[in-house]
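Geometric and topological summary
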Amino acid sequence: MTSLEVDVEHRAGVFHLQASFRSQGRLTALFGRSGSGKTTLVNAIAGLVRPQRGRIATDGAVLLDTRAGVFVPRHRRRIGYVFQEGRLFPHLSVRQNLLFGRWFAVRHERGDAADLHAVVALLDVGPLLERRPGELSGGEKQRVAIGRALLARPRLLLMDEPLASLDEARKAEILPYIERLRDEAGVPIVYVSHAVSEVARLATTVVVLEEGRVAAVGATADILGRLDVPALDQGGEGGAVLEARVQAHDDAYGLTILATPAGLLQVPRLSLAPGDTTRVHIRARDVLLSVGPPHGLSALNVLAGRVLEVGVTALPHEAASIAVRLDCGGAPLNARVTRKSVELLGLVPGRTVFAVIKSVSFDRGAGGGLESVGRCEDGAFVAR
Amino acid sequence: MSDWLSPQEWTAVRLSLLVASVATAASLPFGLLVAYLLARGRFWGRSLLDTLVHLPLILPPVVTGYLLLVGFGRRGPIGGLLAEYGIVLSFRWTGAALACAVMGFPLLVRAMRLSIEAVDAKLEEAAGTLGASPPLVFLVVTLPLILPGIIAGMILCFAKAMGEFGATITFVANIPGETQTLSSAIYTLTQVPGGEAGAMRLTLVSIAISVAALLGSEWMARLVGRRIAP
């Protein structure tokens, strides 16, 4: 398994980056607010920034080791980079852009025509090949930029907020391709983002950056559920990520039953076969808590659990609400409730509660398909 | 057509075209280097280089011509050195080309420098991450993107060279068949009785060449512009 090892220190003006992490993930998300040092960190990996001190290694190759005096220049690193704004060459056609990396590859590392076909098929850019970058939409440009980076046969692919300059519709258009890439291309990815939903959907490993330092690092499900990482909270956008398996379809009501470690969830019918896996993201603000088994609700996904932890670090502008971490049959779940409710219901660690789930986001994740992300709201859920 | 101009007038036209072409072509590589240094370089003496390059634009052409004479004349420090290798510039058409090149240089550099500054350095970074070494990045990304600026600079330099008078006549005089360019020929004809007709003919030739150069550059710029339109 390819690993990425980063331990760097870099000072630029008042900004001080001091970050160290290791990842074995297929898609490592660098997550943090703007100004937290995400881009500086990927630029250091790509060789666009030369850190004053540190070591970067991937796939067994040392790219930077200031103690040993090693600094591999960017054109010899074989690190693919998909930039926020695409950066396609305006004087070249889409085909020439895609094949750009091949012009400079050493013979034995050079891809063949099959590579181009595979990437063109993976990203659906066939109809665009003879066009110029100026004639492409934002989403098309990003797909070409991804293909261009892939065809240079990188050992690692960096993506710096590749969706940031796109509107919601274009984002939804690109996300499935990135999932496909993660599952099929066999190139580990480092993905920079400040959107919890993207991280929850895509990442296998999360590195949280805060003011130039690594605040947390670990598997996505572990990190996103933590209450002590304010950057993840973002007004309840954060929450639990659960691996789910399709157990059965309920054709009479048009529902799909998903088995998760926290219990069964019923969602509007998915076009997945029984046995397929998917990833479910349950945002903290979509979870209500009840101290007794609730009756007569339309929101009918209700999971029994135990309070693990009550958050203390509410954001100043949201001082009225607070995060509560639950344990549902061994799986973590987060709820964002008001402080008043915490007091009225006596929510303390150990207390048995029922989590009422208003909405579930899911993607086909490991299934590798191209189904777009879905979200089921309130009444669409049925009692278990 | 050949009877329309006298042999001496023809020689002046041919010589002017030769001098301007050689001046433009020979200063192109130096101009590109200096433009790149000024646009991207961060080194000590950058503003000094900038001033030096622009000096011929500000100085009276006669002063530039005189400085060339002092420096590149047979007894001058550089001219003497070149003479040892058999290269003589003073009172030769090559000297006229040098004078024209020096006078056109600021215009050449300025146009190219502006276009280099307009190139998004982020594209060059992207090319680097795709495996292109810095010299190759320049060749396959920077150079194609600044082509319109290079063409514009060359046209300006050529036009300046075609019209150059003061520095040329001071440095290499006005020798028919060797250093008498269009401008010097027109000047000479206006100084002799009955020369007005010849002066007018050469003036028309001069206008024709200028218009052709302008149209040619527009056409080339459009051709290139269509290829690299973002």
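Residues numbered from 1 in each chain as written. Chains lettered and ligands numbered in written order. Predicted model: local features only at pLDDT ≥ 70, side-chain atom pairs only at ≥ 80, totals over all residues. Heavy atoms only, no water.

Moving on, we get to the pairing of strand β9 (residues 189–193) of chain A. All names here are of chain A. Buried residues dominate β9, accounting for five of its five residues. Going residue by residue along β9, you find Ile189, Tyr191 and Ser193 tucked away on one face and Val190 and Val192 tucked away on the opposite face as well. One ladder, built from five bridges, connects strand β3 (residues 27–31) with β9; its direction is parallel. Across the sheet, residue Phe31 finds its bridge partner in β9, namely Ser193. Here four bridges tie strand β8 (residues 156–160) to β9, and the two strands are oriented parallel to one another. Bridge pairing in β9 links Leu158 to Val190. You can see the chain leave β8, run along helix α5 (residues 168–185) and come back into β9, and the turn it takes is right-handed. (Buried < 20%, exposed > 50% of the residue type's maximum accessible area, 1.4 Å probe, protein only. Helix = DSSP H or I, 4+ residues; strand = E, 2+ residues; numbered from the N terminus. Pairing = 2+ DSSP bridges. Right-handed = clockwise from strand over helix to strand, strands pointing away.)

Before going further, it helps to spend a moment on the nonpolar core. Residues and elements named next belong to chain A. Among the nonpolar cores identified, the biggest contains 46 residues, and Leu98, Leu157, Met159 and Ile178 are the most heavily contacted of them. Ranked by the residues each element gives to this core, the list is headed by helix α4 (residues 138–151), at six residues. Those residues in contact with Leu98 that sit more than four places away from it in its chain are Leu116, Val120, Val125, Leu129, Val144, Gly147, Arg148 and Leu151. (Core = buried A, V, L, I, M, F, W, Y, C linked by side-chain atoms within 4.5 Å. Contact = heavy atoms within 4.5 Å.)

Along the chain, Leu297 of chain A falls in the loop between β16 (287–290) and β17 (301–310). Note: C-alpha distance between Leu297 of chain A and Val356 of chain A (59 residues apart in sequence) is 9.2 Å.

Bringing the confidence of the model for chain A into the picture now. For chain A, per-residue confidence averages 81 on the pLDDT scale, and residues scoring 70 or more make up 86% of the total. Residue range residues 364–384 of chain A is modelled with pLDDT below 50. Its contacts to residues more than four positions away, or to other chains, number 72 contacts. (pLDDT = per-residue confidence, 0-100.)

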